[in-house]
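# Observations on the model geometry
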Amino acid sequence: MSLQNYEQIVAQAVSNRYQNADKTKMDVMTALHNYRGLAPKLDRYVFNDGNDRELLNLEGTIPVRYKGSTYNIPVCIWLLDNHPFSPPMVYVKPTQDMLIKASRHVDQNGKVFLPYLHEWNLNSSDLVGLIQIMIMVFNEMPPVYSKPKTSQPPPPPTATQYPTPYPTNPPGYMPMPRVGGNLPYPTSQPPPTSSAYPPYPTTAGYPPSSTPYPVYPPSHSTPSTYAPSYSSGVNYPPYPITTSNPMTQTSNTEGTTASNTGTITEEHIRASLVSAVSDKVRDRLRDCLGGAQAELSVLQQQQRDLNQGTVKLEGLIAKLEHEQTELDKNVRVLREREKEMKDLVARLNSATQPLDVDEAVTTTAPLYKQLLNAYAEDQATQDAIYYLGEALRREVIDLDTYLRHVRSLSRKQFQLRATMIKCRAKGNMAG
């Protein structure tokens, strides 16, 4: 489905349901543009108290790179109706052939817990950043693994003389790598009839590396070498000799002889315990590293936001300083003009002789004086023609008198205006 169709679905979902429809739509469309494996969907979400509500969610897969291969992790991101003020609710949704790998970031129900969600901020947090943090955390510890292949196990042997070589894996621990096919615990002798001890723990076969999701147990399991010794009667494989882990190797002849005969010794039990503890410590280190990297990413994002804010504030301060300088300059000019006006008023008030109106306006050159006189006479002639018209309208003068005076004044006005045009052309003044 195209982004245009997704945009219509998101617009219909957020309208009349979300308090900040525009921000929610922009955040969702940005995430869909960057991660095409997700799709929007309006569905009903049931809260822990039993209440339900129609909410928008992004369901699909996100790409996670694990041990050199890219896997598609199925997730579902629910947006509350006050998004982005409240953080989203994120779940891992395994398919039918997957199981959830519980960790400090994902519980048994598939709910995701991240520092980015705990420290959600409406100004700096968004869905794209959340998905990036999820990808980074899942790179270190994928939240799902493939279901073991189901097969009909053979009847378990019972032995009173052999203790369990590996500790039983409690919930949340990775299983030990299996040894060979779906066989009971190894021995070179026929199984006795007693059932006082549990059988050797095994796990199902692993799927091939082309699966779209990571496979557990972890990849540090080492290849094993099986000794080709068989006893008469029922054929059971001997105990595997692991060569890649130095803790499982023994240097004495007695341990080697016991391994070749299929007998489980204390060295085997100690090696299995060390391997289990190493796996647990490695898991804890991965959890701590993932949390630290997530917190570091959040801090780096905050640092970038603070740096951008600093640049904006410095720009605003520089602009205000420039405006302050211009304002001080304009105030200084206005004060100088105000002082000149006050001096002129004081000089006029202190004059002993009355002001001559004709001498109030003077010119600096004869050309300007001629232009000024021509303009004044032109305006006076215009006023005389106006009042002649008023006298004719009121029948103070007759029509012949009006026409005679208007003809004479119009001829004079024409000459005055021609004189003004020549003076402006001579003085290079605008017409």
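See the structure above.
Per chain, the residues get numbers from 1 upward, laid out in the order the sequence is written. pLDDT decides what is reported in this predicted model: residues at 70 or higher carry local features, side-chain atom pairs at 80 or more are listed and counted, and totals for whole chains, interfaces and linings draw on all residues regardless. Calculation of side-chain values draws on the structure's entire complement of heavy atoms; hydrogens and water are dropped beforehand.

## Some words on unusual backbone geometry
The residue after His83, namely Pro84, is reached through a cis peptide bond having omega 10°. Numbering of helices and strands runs from the N terminus, with a helix taken as a DSSP run of H or I at least four residues long and a strand as a DSSP run of E at least two residues long. Checked against the element boundaries, Pro84 lands in the loop between β3 (69-79) and β4 (89-92). Although it is not a glycine, Asn16 sits at a positive phi angle of roughly 65°. Examined against the element boundaries, Asn16 turns out to sit in the loop between α1 (3-14) and α2 (21-34).

## Examining helix α4 (residues 127-140)
An expected span of 1.5 Å times one less than the residue number is assigned to each helix. Taking 1.5 Å per residue, 14 residues should reach 20 Å; α4 reaches 20 Å between its end C-alpha atoms and fits that length. Relative accessibility thresholds used throughout: buried, under 20% of the residue-type maximum; exposed, over 50%; partly exposed, between the two (1.4 Å probe, protein chains only). Most of α4 sits out of view: 10 of its 14 residues are buried. For α4, the complete set of buried residues consists of Leu127, Val128, Gly129, Leu130, Ile131, Ile133, Met134, Ile135, Val137 and Phe138.

## Describing the pattern of salt bridges
Note on definitions: salt bridges are taken to be side-chain nitrogens of Lys or Arg within 4 Å of carboxyl oxygens of Asp or Glu. Taken as a whole, this structure holds 13 salt bridges when the rule is applied. One salt bridge in this structure joins Asp52 and Arg44, with 3.6 Å as the shortest N-O distance. Given the relative accessible area of 40%, Asp52 is considered partly exposed. For Arg44, a relative accessible area of 44% puts it in the partly exposed group. Taking the shortest distance from any N to any O, the salt bridge between Glu267 and Arg270 comes out at 2.9 Å. One end of the pair is Glu267 and the other is Arg270, both in helix α6 (residues 266-349) and three residues apart, which spans about a single turn. For Glu267, a relative accessible area of 28% puts it in the partly exposed group.

## Describing the nonpolar core
Formed by 48 residues in total, the largest nonpolar core has its most connected members in Ile62, Leu130 and Phe138. With nine residues, α4 is the single largest residue contributor to this core. Between two residues, a contact is recorded if the distance between any of their heavy atoms is within 4.5 Å. If we skip the residues at most four places from it in the chain, Phe138 touches Ile62, Val64, Ile73, Val75, Val92, Val106, Val112 and Pro143. The definition of a nonpolar core used throughout is a set of buried Ala, Val, Leu, Ile, Met, Phe, Trp, Tyr and Cys residues joined through side-chain atoms within 4.5 Å. Leu371, Ala374, Leu416 and Cys423 belong to the second largest nonpolar core, which has five residues in total.

## Regarding the sheet that holds strand β2 (residues 52-66)
Strands pair, by our definition, only if DSSP identifies at least two bridges between them. Strand order in the open sheet formed by four strands is β1-β2-β3-β4, and the pairing between neighbours is antiparallel. Looking at the sheet topology across the chains shown, the edges are occupied by β1 (38-46) and β4. Here the strands of the sheet are splayed against their neighbours by 35° on average, with no regard to which way each runs. Pairing analysis gives nine bridges linking β1 to β2, with the strands arranged antiparallel. Considered in β2, the bridge of Leu42 is made with Leu56. Note on geometry: axes are C-alpha line fits, over the in-contact stretch for helices, and angles between N-to-C directions span 0 to 180 degrees.

The values are spatial; any link to function lies outside them.
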